[in-house]
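Fold and contact review
Given next are the chains, with one letter for each unit.
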Amino acid sequence: FILDGITFNCVEQCYQYTKATLADDIPAALNIMTESDPVAMKRVGDVVKVTSKLWNNNRAKAEMTRAVTAKFLQNPDLITGIKATGSGVFAECNRFDNKWGIGLSFTDPNADDESCWKGENWMGAILIKVRETSLKTQNPEIEYLYDYLHSPICVCVSIYISLHLPTNHNKP
């Protein structure tokens with residue numbers, strides 16, 4: 001997918017590249033762009049030194065929202081798939097991530113019980129916003145999702161969609 005004129009092979013690459021460029025860490029940004037593995041991209045981005053003034057929770061969510069939205073809007077199969085979930089709920093099932101995920105593995109029997117979640121599930125909330133927006137209009141604007149940052153974080157459960165799979169390179 002393309003965002004701000006740059007082609008990214010996955011959401012993680014876009015997110016970590018944005019963080020590195022905000023920190024003026026050009027070597028890290030270039031390293032992230034040459035990686036093909038999202039885990040390696042995250043490792044590079046995790047050592048980027050960025051001030052909390054530039055990269056706080058709101059900025060992190062805003063940049064992830066932009067990346068996820070761009071990927072979905074530019075890949076009709078993803079939009080079709082997310083619309084097909086109806087009112088289904090989303091959870092990033094990652095036992096090591098209490099911010100973006102629910103803090104539980106998808107194999108954990110408590111993953112289907114929102115009251116047992118250990119994490120905030122920011123990714124699930126972003127996916128719900130993308131679905132809601134795609135259902136409202138045929139051509140949603142990326143900026144439309146910025147109102148998400150001023151609403152309470154939704155917590156949702158059950159359906160896991162991995163955003164770390166590379167985008168089909170036959171599509172923009």
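As shown above, the structure is provided for reference.
Anyway, here's the lowdown on the structure attached to this text. Here the structure is a predicted model, which is why all the values come from computation and not from measurement.

Structural notes on the packing of helix α1 (residues 11-22) against helix α4 (residues 57-73)
Where α1 contacts α4, the axes come no closer than 9 Å and their chain directions differ by 140°. It follows that α1 is oblique to α4 by the angle criterion. For α1 against α4, the interelement crossing comes out right-handed. Contacts between α1 and α4 involve Val-11, Cys-14, Tyr-15, Thr-18 and Leu-22 from the first element and Arg-59, Ala-60, Glu-63, Met-64, Ala-67, Val-68 and Lys-71 from the second. Looking at side-chain class alone, the contact of α1 with α4 contains 8 nonpolar, 1 polar and 3 charged residues.

Some words on the packing of aromatic side chains
Under the definition given, this model contains 5 aromatic pairs. A centroid spacing of 5.8 Å and a plane angle of 35° characterise the contact between Phe-1 and Phe-8, whose relative ring orientation is tilted. A relative accessible area of 2% means that Phe-1 is categorised as buried. Residue classification places Phe-8 among the buried positions, given a relative accessible area of 3%.

Digging into the nonpolar core
One finds Phe-1, Met-64, Val-68, Phe-72, Trp-100 and Leu-127 to be the most contacted residues of the largest nonpolar core, which totals 32 residues. Those elements giving two or more residues to this core turn out to be α1, α2 (26-34), α3 (38-46), α4, α5 (76-83) and α6 (122-136). Listed in part, the 6 residues of the second largest apolar core include Ala-91, Cys-93, Ile-102 and Leu-104.

Each value, and the rule that gives it
- Residues numbered from 1 in each chain as written.
- Predicted model: local features only at pLDDT ≥ 70, side-chain atom pairs only at ≥ 80, totals over all residues.
- Heavy atoms only, no water.
- Axes fitted to C-alpha atoms, helices over the stretch in contact; angles between N-to-C directions.
- Helix = DSSP H or I, 4+ residues; strand = E, 2+ residues; numbered from the N terminus.
- Parallel < 35°, antiparallel > 145°, perpendicular 65-115°, else oblique.
- Left-handed = near helix turned anticlockwise from the far one by under 90°.
- Contact = heavy atoms within 4.5 Å.
- Nonpolar A, V, L, I, M, F, W, Y, C, P; charged D, E, K, R; others polar.
- Phe/Tyr/Trp six-rings, centres within 6.5 Å; stacked < 30°, edge-to-face > 60°.
- Buried < 20%, exposed > 50% of the residue type's maximum accessible area, 1.4 Å probe, protein only.
- Core = buried A, V, L, I, M, F, W, Y, C linked by side-chain atoms within 4.5 Å.

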